[in-house]
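Given next are the chains, with one letter for each unit.
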Amino acid sequence: MAKLLYPDFFNDVFGPIMQPGSSTSFAGNSRIGRIASHGVRGGVKRAKIRFNPEDRRHLSRLGNMMEDRALLGGLQGFAPDDERLFRAHELAREKNMSYEFGALDRANKYPLSTQFDVEDSTGEKGRLIGASIGGGMIMVYEINGFPVSWQGDTHAILVEKTPAGAAAYNTFLKFVSTRPSDVPGGAFVQSTLTKNETGGEAWFVELSEPLPPEEVERVFPRRDFLLFPAILPVVTFNGRRPQLFKTVDEWIAFAERKGISFVQAAIEYEKAFSGWDDTRIGDYFERIRGIFFNQIHALEDRGTFPVADTPLLPVYGKQWKRYKDAGRVLQDPLASRIMDYAFSTNAKIPGVKIVPGPMGTGGGYLFSALEGVREHRGFSVEKQREGLVVAAGLGAIAYSLCRASGASGCVGESGICCAMAAGAITWMSGGNGAQVQNAASMALQANIGIPCDPIPGGLEFPCLTRTVRSAVTAPLYADMALAGIDPLIPYHEMLLAIEANRLKYGDAVSGPDCGTGCTATAGRCRHFLATEVMEGKRKWEAASPPQSPTSTALPKDAPSFPFAR
């Protein structure tokens, strides 16, 4: 039975829970590095982290979005919410771990991928090829030369097929199929036979629950298998129901057909995907709300000025507070309060966890608008939580119909966040499903065509100007929708337009040279990143590198790493 996958609220829209940074560059890369760390059994002691030679995004921008720390921290086992990610270089060196970032001698067949060649202290070697594909999600393409297609959405076991292994494999399948499980339908999800370029074969077995190594060892020798953990909060299981809706019109119709509220219809969508009940889903939304609340109040809680600047990001909230305290603000009180929260979101303070939605800090900007409106109008926390559910539904539709990332331009990130916030505020303010759709559509119409062009080493510009604007303008589109203004184009058609523009004008909406990337200042910022920021961080050789036993040594440029013997 093939796995049923579609965008949901906690894997795709509001996820992952992470340290501040880009969901794609920081969280996703830490996840793929963490998976790669399981390619050897003794902990990574040496690593080559390499990209395709033509992949300018990785090679020329390394460090701009903390990709280096994410990849290196993931190899040390750090999850996206682990504050140790920020010290990945220092901690690797303290552990005497050698590492090197660079380009492959020749491109592999997976564009925008990262190849990890790892080795532990015993000389066991492994290779993993994968990619961070947006919003913290990942795709693993190969493990030790065996092709797979895996998002970390299940617990996985790669088992080498030996001459005597077929009988053992059948025994193993029977075992996992009959083992007691807390998951409806059992823990077994699927198994795939995969073959490498030299004709070797392996089984890639996926489960909705982890198996302890000792249970697998009852069937297979320890040397014949590798275990990989699920890294998504909602794990795939075989009882998943089909996607309930892909447009707001379908969402409204589903609610009317079932005789339930617009919000409850969104909760039913997540129940179909996750198998969770109302209470568990509600608790997770409350957990997310609490993280957002702490994030937007972080500067106030710390007094603003003691918060440290970093080489790549000044704390702009300091300048904003001085300006505001001087009584010079031109904005109205609501917009001014949203800006307080947006600058706290932008500060990206290590240790202050965030939740993307869809971009790294997008959820914080979205919540800046929701909390500003909640305070201004005296809405309840429960109504705000309903707004987050509505925002999640709009986000899931966006992920279903377009690339909700910078690949679509800034509309794919800050634009969709603005749409989600506008729709949520509309609901909080007494609007109905149709008005939610109108607000979201108007937000996208105002943002389409803007490129995604973060300047490498550019101190968060031009992202700052657009994300703060998204937060401040979300109530504007809610007001327009509540006033009865018809945006003409429904939300799903705007999402399809975003996707059409991405496919037709990809280089114009995203890339190193589009938008502000062509300016002379951008060139100087790139030089600053490559020299002052990344100096000495591309390669580190431990003082006493582990020596590989000759029995397990492989050619320097071996195309794949077989299982160690």
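Residues numbered from 1 in each chain as written. Predicted model: local features only at pLDDT ≥ 70, side-chain atom pairs only at ≥ 80, totals over all residues. Heavy atoms only, no water.

Q: How do you make sense of the overall build of the protein chain when you look at a structure like this?
A: Looking only at helices and strands, one finds 21 helices and 11 strands in the protein chain. Relative to the globule expectation of 24 Å for 565 residues, the C-alpha radius of gyration of the protein chain, 24 Å, shows essentially globular dimensions. Once the C-alpha set of the protein chain is aligned to its principal axes, its extents read approximately 75 × 55 × 45 Å. Each of the 565 residues in the protein chain was classed as buried or not, and the buried ones make up 59%. Taking as baseline every contact in the protein chain between residues at least 6 positions apart, the subset at least 24 positions apart corresponds to 76%. Counting 61 positive and 61 negative side-chain charges, the protein chain places the centres of these two groups 3 Å from one another. (Helix = DSSP H or I, 4+ residues; strand = E, 2+ residues; numbered from the N terminus. Rg over C-alpha atoms; globule rule 2.2 N^0.38 Å. Buried < 20%, exposed > 50% of the residue type's maximum accessible area, 1.4 Å probe, protein only. Contact = heavy atoms within 4.5 Å. Lys, Arg positive; Asp, Glu negative; His and termini not counted. Charge placed at Lys NZ, Arg CZ, Asp CG, Glu CD.)

Q: Even after reading the chapter, I still don't get the state of the cysteines, so can you show me in this structure?
A: Joining two cysteines, a disulfide is a covalent bond between their sulfur atoms. Evaluation of the coordinates by the stated rule reveals zero disulfides. C452 provides the cysteine sulfur closest to C463, a residue in no disulfide bond, and the two sulfurs are 6.3 Å apart. (Disulfide = S-S within 2.5 Å.)

Q: Whenever I open this one, the sheet that holds strand 8 (residues 188–195) confuses me. Can you help?
A: Sheets are built from strands that pair by backbone hydrogen bonding, the pairs being arranged parallel or antiparallel. Reading across the sheet, the four strands line up as 8-9-7-10 and stay open at both edges, with antiparallel pairing between neighbours. Only two strands of the sheet have a single neighbouring strand rather than two, namely strand 8 and strand 10 (225–228). Neighbour-to-neighbour, the strand axes of the sheet open up by a mean angle of 15°, direction not taken into account. Of the pairings in the sheet, the one linking strand 8 to strand 9 (residues 201–207) comprises seven bridges and is antiparallel in character. Directly across from S191, in strand 9, lies its bridge partner V205. Here helix 6 (residues 165–178) sits on the sheet and contacts strand 7 (155–160), strand 8 and strand 9; the angle it forms with strand 9, its principal contact strand, is near 5°. (Pairing = 2+ DSSP bridges. Axes fitted to C-alpha atoms, helices over the stretch in contact; angles between N-to-C directions.)

Q: When you look at the pattern of salt bridges in this model, what are you seeing that I'm missing?
A: Close approach of charged atoms allows side chains with opposite charge to pair. Counting across every chain of the model gives 30 salt bridges. Between E499 and R502 there is a salt bridge whose closest N-O contact spans 2.6 Å. A residue pair is termed a helical-turn pair when its members lie 3 or 4 positions apart in one helix, as E499 and R502 do in helix 19 (residues 491–504) at three residues. Of the two residues, E499 and R502, neither departs from the other in class, the shared state being buried. Salt bridges sharing common partners tie together E300, K324, R337, D340 and E375. (Salt bridge = Lys/Arg side-chain N within 4 Å of Asp/Glu carboxyl O.)

Q: I keep staring at the sheet that holds strand 3 (residues 114–119) and nothing clicks. Help me out?
A: Ordered in space as 6-5-4-3-1-2-11, the seven strands form an open sheet in which the pairing is mixed. Either end of the sheet is taken by a strand with one partner, and the two such strands are strand 6 (146–150) and strand 11 (539–540). The pairing of strand 5 (residues 137–143) with strand 6 spans three bridges and is antiparallel. When the sheet's bridge partners are listed, V140 is paired in strand 6 with W150.

Q: Got a minute to help me understand the side chain of Q76 in this structure?
A: The topology assignment puts Q76 in the loop between helix 4 (67–75) and helix 5 (88–94). Given the relative accessible area of 13%, Q76 is considered buried. Among the polar contacts made by the side chain of Q76, one reaches the main-chain carbonyl oxygen of A88 at a distance of 3.0 Å. (Polar contact = N/O pair within 3.5 Å; in protein donor to acceptor, adjacent residues only side chain to side chain.)

Q: Help me out: how do you make sense of the packing of aromatic side chains in this one?
A: With the rule as written, the count across this model stands at 25 aromatic pairs. Ring centres of Y99 and F101 lie 6.1 Å apart, and the angle between their planes is 75°; this geometry places the pair in the edge-to-face category. With a centroid separation of 4.0 Å and 10° between ring planes, the pair formed by W251 and F262 is classed as stacked. Linking W251 in helix 8 (residues 248–258) with F262 in helix 9 (residues 262–274), this pair joins segments that are 11 residues apart in sequence. (Phe/Tyr/Trp six-rings, centres within 6.5 Å; stacked < 30°, edge-to-face > 60°.)

Q: Hey, could you run me through the environment of S510 in this one?
A: Summarising the element assignment, S510 is placed in the loop between helix 20 (506–509) and helix 21 (520–533). Residues S510 and P454, 56 residues apart in the sequence, show an inter-C-alpha distance of 9.3 Å. For S510, the contacting residues outside a window of four places in its chain are G406, A407 and C452. Of note is the side chain of S510, whose polar atom sits 3.1 Å from the backbone oxygen of G406.

Q: Would you mind going over the pairing of strand 4 (residues 125–134) with me for this structure?
A: As a general feature of sheets, a regular strand has side chains that alternate between the two faces. Strand 4 sits mainly inside the fold: nine of its 10 residues count as buried. Pairing between strand 3 and strand 4: six bridges, direction antiparallel. Its bridge partner being in strand 4, V118 is matched across the sheet by G126. Counted along the chain from strand 3 to the antiparallel partner strand 4, the turn is five residues long, and its residue G123 has a positive phi close to 95°. From the end of strand 4 to the start of strand 5, which pair antiparallel, there are two residues, and G135 there has a positive phi angle of about 65°.

Q: Just to check I follow, could you spell out helix 10 (residues 278–296) for this structure?
A: Helical periodicity: at 3.6 residues per turn, an α-helix aligns residues three or four positions apart in one direction. In this model, helix 10 (19 residues) spans 27 Å end to end at C-alpha, consistent with the 27 Å of a helix rising 1.5 Å per residue. On the buried face of helix 10, the contacting elements are helix 1 (9–13), helix 9, helix 11 (298–302), helix 13 (333–347), helix 14 (362–377) and helix 15 (381–401). (Expected span 1.5 Å × (residues − 1).)

Q: Would you mind showing me how to read the side chain of N438 here?
A: Examined against the element boundaries, N438 turns out to sit in helix 17 (residues 433–447). By relative accessible area, which is 18% here, N438 ends up buried. In contact with N438, other than residues within four places in its own chain, are A481, I485 and P487.

Q: Explain the environment of R84 here, please?
A: Among the secondary structure elements, R84 is positioned in the loop between helix 4 and helix 5. Separated by 127 residues in the primary sequence, R84 and L211 place their C-alpha atoms 27 Å from one another. Those residues in contact with R84 that sit more than four places away from it in its chain are F78 and L91.

Q: For this particular structure, what's the right way to read the nonpolar core?
A: Nonpolar side chains tend to gather and get buried jointly when the protein is soluble and globular. Ranked by internal contacts, the top residues of the largest apolar core, which has 88 residues, are F14, W251, Y491 and L495. Among residues more than four places away in sequence, those in contact with Y491 are V248, L394, I397, A398, A419, Q437, A440, S441 and L444. Counting residues in each nonpolar core, the second largest holds 39 residues, with I35, V140, A202 and L232 among its members. (Core = buried A, V, L, I, M, F, W, Y, C linked by side-chain atoms within 4.5 Å.)

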